[in-house]
Amino acid sequence: VYEYTSDNLGNDSRMGVAVSTAEPGDLIFYGGSSITHSAIYAGNGMVYDAYPGIGVSLRSIYSGGNILKIVRVF
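Residues numbered from 1 in each chain as written. Predicted model: local features only at pLDDT ≥ 70, side-chain atom pairs only at ≥ 80, totals over all residues. Heavy atoms only, no water.

**Topic: the pattern of salt bridges**
Okay, step 1: For the structure shown, the criterion picks out three salt bridges.
Okay, step 2: We note a salt bridge from Asp26 to Arg72, for which the minimum N-O separation is 2.9 Å. Here Asp26, found in the loop between helix H1 (6-11) and strand S1 (27-31), pairs with Arg72, found in the segment after strand S5 (67-71); they are 46 residues apart in sequence, far enough to count as distant.
Okay, step 3: Residue Asp26 is classed as buried on the basis of its relative accessible area of 2%.
Okay, step 4: Through salt bridges that share partners, Glu23, Asp26 and Arg72 make up one connected network. (Salt bridge = Lys/Arg side-chain N within 4 Å of Asp/Glu carboxyl O. Helix = DSSP H or I, 4+ residues; strand = E, 2+ residues; numbered from the N terminus. Buried < 20%, exposed > 50% of the residue type's maximum accessible area, 1.4 Å probe, protein only.)

**Quick look at the pairing of S5**
Okay, step 1: Most of S5 is tucked away: four of the five residues are buried.
Okay, step 2: For S1 and S5, the ladder comprises four bridges, and the chain directions are antiparallel. Within S5, the position partnered with Ile28 by the bridge is Ile70. (Pairing = 2+ DSSP bridges.)

The values reported here are purely geometric and, on their own, carry no functional implication.
Right, here's the structure in full:
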């Protein structure tokens, strides 16, 4: 069984949308040369994500670092 991890999804060249066209539910991938973090777009420039010891938070799409890709799964 092939597990479609966030790294595989983020690196799939067949998928991706521009930041300006992001819609609630899109996955946001952050990092440098590879994916280091992911979040879910909530709309109005905000994302939901979670970090160990902090838990789930709602924050600006730009506060997570370098956006590598935005993927619309559905």
